[in-house]
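Architecture and fold: a report
Here is what each chain is made of, one letter per residue.
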Amino acid sequence: MWQPSSDIVLISDTRVVGIPVRENDEPLADVRGRLRVDERLADAAGAYAHLRSGLLARLERAERLLPDGFHLLIVEGYRPISTQRRYFEEYRDQLQATFPEMSPSEAYVAASRYVSPVEVAPHTAGAAVDLTLCASDGTEYDMGTQVNDNPEDSDGACYTQAPHITADARAHRKILAAALEPAGLVNYPTEWWHWSYGDRYWALATGQPAACYGPVELPA
């Protein structure tokens with residue numbers, strides 16, 4: 001199993017879990033019509049295309065920071081709690097089936113490399129976005145893996161700083177970070193495509209005393 005380096009803090013870490021949430025009640029906003037949105041993970045309710053309004057505004061700022069010919073392509077934003085729980089449990093169970101020597105607690109931590117436990121999941125708060133880069137005609141740039149390739153299938157190439165990706169993929173990841181970081185977003189280092197703002201992981205990474213976005217429901 002591909003393991004993260006010791007300096008990577010996983011989202012299941014007690015330092016993340018222990019951060020409080022001071023909800024600011026910012027609404028979810030529809031990304032469609034404001035940024036490019038891919039439909040590979042589209043759901044009937046359109047949840048995937050929603051983000052907290054403050055995060056969306058930051059992504060629009062990041063879009064303007066990209067070089068000519070580069071655009072953000074949003075793949076997934078908000079996830080209902082039931083969807084997040086299913087994703088996590090399915091991946092955890094897959095790991096336990098593949099690596100039967102794992103204890104339940106080890107499988108829980110290992111699963112958090114790729115899917116957030118529902119208790120701290122930023123997608124359920126509308127605070128996280130999975131995204132990539134595309135050209136003006138919609139062609140996706142080489143980022144080293146596809147969005148949502150897990151650590152096992154990608155041999156760890158999904159990690160943002162993976163050493164064994166091509167020079168082009170590394171350059172494209174740097175372009176993405178150079179736009180998103182000045183806009184205030186932070187990356188989850190086991191997934192190059194996952195960026196967030198306002199959640200517990202963001203609070204830890206930026207030294208904030210609390211998250212400003214907690215779990216939220218998509219309005220009917």
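Each chain carries its own residue numbering, running from 1 in the direction its sequence is written. Two thresholds apply to this predicted model, a pLDDT of at least 70 for residue-level local features and 80 or more for giving and counting side-chain atom pairs, whereas whole-chain, interface and lining totals are computed over all residues. Side-chain measures here rest on the full set of heavy atoms in the structure, leaving out hydrogens and waters.

1. So, the overall build of the chain
Only runs of H or I of at least four residues qualify as helices and only runs of E of at least two qualify as strands under DSSP, and these elements are numbered from the N terminus. A tally of helices and strands in the chain yields seven helices and seven strands. Put simply, the radius of gyration uses C-alpha atoms, and a globule should come to 2.2 Å times the residue count raised to 0.38. What you see for the chain is a C-alpha radius of gyration of 16 Å, in line with the 17 Å of a compact globule of 220 residues. By principal-axis analysis of the C-alpha atoms, the chain measures approximately 50 × 40 × 35 Å. Note on classification: 1.4 Å probe, protein chains only; a residue is buried when its accessible area is under 20% of the maximum for its type, exposed when over 50%, partly exposed between these limits. Buried positions account for 53% of the 220 residues belonging to the chain. Note on contacts: a residue pair qualifies if any of its non-hydrogen atoms lie within 4.5 Å across the two residues. Sequence-distant contacts in the chain: of pairs separated by 6 or more residues, those separated by 24 or more amount to 70%. Here, Shrake-Rupley sampling with a 1.4 Å probe gives the accessible areas, and only protein chains in the shown set may cover a residue. Carbon and sulfur atoms form 50% of the exposed surface of the chain, whose accessible area is close to 10,000 Å². One finds the centroid of the 19 positive side-chain charges in the chain at a distance of 5 Å from the centroid of its 32 negative side-chain charges. Note that His is not counted, nor are the chain ends; the positive residues are Lys and Arg, and the negative ones are Asp and Glu. A charge is said to be at NZ when it belongs to Lys, at CZ for Arg, at CG for Asp and at CD for Glu.

2. Remarks on the nonpolar core
Ranked by internal contacts, the top residues of the largest apolar core, which has 60 residues, are Leu59, Leu72, Leu131, Leu176, Leu180 and Leu185. Of all the secondary-structure elements, those providing two or more residues to this core are α2 (53-65), β4 (71-76), α3 (81-98), α4 (104-111), β5 (128-134), α6 (167-180) and α7 (200-206). Ranked by residue count, the leading element in this core is α6, at five residues. In this view, Leu185 contacts Leu55, Arg58, Leu59, Val129, Leu180, Trp195, Ser196 and Tyr197; residues no more than four positions away in its chain are not counted. Put simply, a nonpolar core is a bunch of buried Ala, Val, Leu, Ile, Met, Phe, Trp, Tyr and Cys residues held in one set by side-chain atoms that sit within 4.5 Å of each other.

3. Remarks on the pattern of salt bridges
A carboxyl oxygen of Asp or Glu within 4 Å of a side-chain nitrogen of Lys or Arg is what we treat as a salt bridge. In this structure the tally under the stated criterion is ten salt bridges. Here Glu63 makes a salt bridge to Arg36, at a shortest N to O gap of 3.8 Å. In this pair, Glu63 is assigned in helix α2 and Arg36 in strand β2 (residues 36-37), connecting sequence segments 27 residues apart. In this structure, Asp38 and Arg40 form a salt bridge, with 2.7 Å as the shortest nitrogen-oxygen distance. Among the residues examined, Asp38 registers a relative accessible area of 17% and is labelled buried.

4. Focus on unusual backbone geometry
Most peptide bonds are trans, and most residues other than glycine sit at a negative phi. In this structure, Asp25 is a non-glycine residue whose phi angle is positive, near 60°. Position of Asp25 among the secondary structure elements: in the loop between α1 (14-17) and β1 (28-30). For Asp25, a relative accessible area of 65% gives the class exposed.

5. Concerning the side chain of Asn150
Of note, Asn150 is situated in the loop between β5 and α5 (151-154). We define a polar contact as two N or O atoms separated by no more than 3.5 Å, with the added condition that, inside protein, one atom must be a possible hydrogen donor and the other a possible acceptor, whereas residues neighbouring each other in sequence contribute only through side-chain atom pairs. Among the polar contacts made by the side chain of Asn150, one reaches the main-chain amide nitrogen of Glu152 at a distance of 3.0 Å. From its side chain, Asn150 meets the backbone nitrogen of Asp153 in a polar contact 2.7 Å long. Leaving out residues up to four positions away in the same chain, Asn150 has contacts with Tyr91, Gln94, Tyr114 and Cys158.

6. With respect to the pairing of β4
Along β4, six of the six residues are buried, which leaves the element largely enclosed by surrounding structure. Two strands make a pair as long as DSSP finds a minimum of two bridges between them. The pairing of β4 with β5 spans five bridges and is classified as antiparallel. Looking at the pairing, Leu72 lines up with Leu133 of β5.

7. Focus on α2
Helices are assigned an expected span. That span is 1.5 Å times one less than the residue count. For α2, spanning 13 residues, the distance from its first C-alpha to its last is 19 Å, which sits close to the expected 18 Å at 1.5 Å a residue. Those residues of α2 lying buried are Gly54, Leu55, Leu56, Arg58, Leu59, Ala62 and Glu63. Against the buried residues of α2 lie β1, β2, β3 (50-52), β4, β5 and α6.

8. Considerations on the side chain of His50
Looking at where His50 falls in the secondary structure, it is placed in strand β3. Here the side chain of His50 touches Gly46 through a polar contact of 2.8 Å, landing on its backbone oxygen. With residues near it in sequence (within four places) discarded, His50 still touches Leu28, Ala29, Asp30, Val31, Arg32, Gly77, Tyr78 and Leu218.

9. What to know about the pairing of β5
Counting buried positions along β5 gives seven out of seven residues, so the element sits mostly inside the fold. Relative to strand β7 (residues 194-196), β5 runs antiparallel, the two sharing three bridges. Across the sheet, Ala128 pairs through a bridge with Ser196, a residue of β7.

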